[in-house]
Amino acid sequence: MTSQNPTSDRVWPETGLWAASFRVMFPLAAVWAAISVGFWQWGARIWPNLEAGLAWHIHEMTFGFGGAALAGYLLTACSSWTGRAPVGGWRLIGIAALWIVARGLVLLDSALAAPLSTAFFWSVAGCLFWEAKKGGRQWRPAFITICLLAGVGSVLFLWRGEASTWPVLGFAALLVFVGGRMVPAFLFNAVGSKPVAGPWMTTALAFGVAVSGVAPREWALAVSGLLLVQVARWPVRVATRDTLLAILVVAYLWLPAGLLAMGVARALDLWPIAAGFHALSMGAMGGLIMAVSARAFAWRASGVLKARRGVGVAFGLVMTAVILRMGGWLDAAAGLWCAGWLIHLVVMLPHLHGPVPRPVFSGARGK
């Protein structure tokens, strides 16, 4: 009989809530996904004197929500390239505290918000640097650089205090850079083979996404097409038999869809360009964060990962929210988005203790 206990797989010796960042930062990301959107949509009706502007909304959906997920992923995934246990303990407590305090200070428009937000990202970078130095197995300077740049971007955005879409494109580029490697790795692993494309293609596509906001309007359309070509080279058919793989693929497809919507809006003015940016932020970023966190909290038996009950419902609500938001049904979209993330939080909460599985985000290699 196959055991349904996570301890049937290899585990790290540390246990409990503070044993790995995914157990803290992914639930915080889910909470903030619901609170920040709910406050943005309905907060002025409840607290008229505490109105959050568009700049706050953009910052908190990227550097806030996205930043928590980035820390949850990188500080856990680094164990795969250092051979050391995921970052936890007092360092994780400090990083989580910085993130929580920064959220309140940004909302209050405090002068301390910018340095605290930067300190959060730079603390993550410092932990990654230390783990790489102590591990001595593989060196991943790109991820450290990403955290350093996120810290700089956050402080510049807050100091400027004006709404801008470059953080959305920046995080979309990050999703291509990380997800463009991670998603095919899981897909090819499921069929027992290796990815067919080198990392240079993913890096080039990430750069293309990052500059699509300032490039000619045809640029976004071209990058969208190239992303679809990239996905076409993956064995996506295997995802039809696996919920965890399916939601990864669907979430990633919002990247070309968002760029297509953005490019068409600029070229033909058929719909607001905000539709494309919400496809990138809510669809791609929100979807991939949920998909990756679902893997971390998945049911495990003999190295096989299976989605927890409720993951499909939560993901479906969030994806429906993206479509409604692109169509202009704001209240309905916000309601479904918040409901989806709260359901996902409920899925995660019972699994914050016990041994940390090794590896966290993947199961046994395909045969």
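Provided above is the structure to which this section pertains.
Note that the coordinates shown come from a computational prediction; the quantities given were computed from them, not determined experimentally.

Now for the pattern of salt bridges. Using the criterion set out here, one finds five salt bridges in the structure. R84 is the partner of E131 in a salt bridge, and the nearest nitrogen-oxygen pair spans 2.8 Å. Placement of the pair is E131 in helix α5 (residues 113-135) and R84 in the loop between α3 (79-82) and α4 (89-107), with a sequence separation of 47 residues. Among the salt bridges present, the one from E162 reaches R160, with a minimum N-O distance of 3.4 Å. Owing to a relative accessible area of 44%, E162 belongs among the partly exposed residues under this scheme. Accessibility expressed as a relative area gives 54% for R160, which makes it exposed.

Between its first and last C-alpha atoms helix α10 (residues 243-268) spans 36 Å; for 26 residues at 1.5 Å apiece the expected length is 38 Å, and the two agree. Put simply, D242 is the residue that caps the front of α10, since its side-chain oxygen is 2.9 Å from the backbone nitrogen of L244. Note on α10: the residue one or two positions beyond its end, D269, has a positive phi of about 55 degrees.

There is a patch of nonpolar side chains on the surface, built from W122, L148, V152, L156 and W159 and spanning about 530 Å² of accessible area. Looking at which element gives the most residues to the nonpolar patch, the answer is helix α6 (residues 141-160), with four residues.

This part covers the packing of α10 against helix α11 (residues 274-296). Contact geometry of α10 with α11 gives a least axis separation of 8 Å together with a crossing angle of 165 degrees. The pairing of α10 with α11 is recorded here as roughly antiparallel in orientation. Judged by the sense of rotation from one axis to the other, the crossing of α10 with α11 is left-handed. Residues L244, L245, I247, L248, A251, Y252, W254, L255, G258, L259, A261 and M262 of α10 pack against G276, F277, A279, L280, G283, A284, G287, L288, A291, V292, A294 and R295 of α11. Partitioning the contact of α10 with α11 into residue classes produces 19 nonpolar, four polar and one charged.

The next subject is empty space enclosed by the protein. Summed over the entire model, instances satisfying the criterion amount to one cavity of 30 Å³ or more. Of the voids in this model, the largest cavity is the one considered here, and its volume is about 240 Å³. If you go around the largest cavity, you meet 15 residues; those closest to its centre are A69, Y73, L175, V178 and I289. Residue assignment for the lining of the largest cavity shows that the elements contributing at least two residues are α2 (54-77), α7 (166-191) and α11. Residue contributions to the lining of the largest cavity peak at six residues, all from α7. When the residues that make up the lining of the largest cavity are grouped by side-chain class, the tally is 13 nonpolar, two polar and no charged.

Moving on, we come to unusual backbone geometry. For the bond running from R358 to P359, omega is 0 degrees, close enough to zero to count as cis. Note that P359 resides in the segment after β4 (355-357).

Procedures and definitions
Residues numbered from 1 in each chain as written. Predicted model: local features only at pLDDT ≥ 70, side-chain atom pairs only at ≥ 80, totals over all residues. Heavy atoms only, no water. Salt bridge = Lys/Arg side-chain N within 4 Å of Asp/Glu carboxyl O. Helix = DSSP H or I, 4+ residues; strand = E, 2+ residues; numbered from the N terminus. Buried < 20%, exposed > 50% of the residue type's maximum accessible area, 1.4 Å probe, protein only. Expected span 1.5 Å × (residues − 1). Polar contact = N/O pair within 3.5 Å; in protein donor to acceptor, adjacent residues only side chain to side chain. Patch = residues over 30% accessible without salt bridge, like charges linked within 9 Å, V, L, I, M, F, W, Y side chains within 5 Å. Areas by Shrake-Rupley, 256 points an atom, 1.4 Å probe, with all protein chains shown as cover. Axes fitted to C-alpha atoms, helices over the stretch in contact; angles between N-to-C directions. Parallel < 35°, antiparallel > 145°, perpendicular 65-115°, else oblique. Left-handed = near helix turned anticlockwise from the far one by under 90°. Contact = heavy atoms within 4.5 Å. Nonpolar A, V, L, I, M, F, W, Y, C, P; charged D, E, K, R; others polar. 1 Å grid on protein atoms, 1.4 Å probe; cavity = no way out; pocket = protein on both sides within 12 Å on 5 of 7 lines; lining within 4 Å. Points joined across faces, edges and corners; volume = space filled by probe spheres on them.

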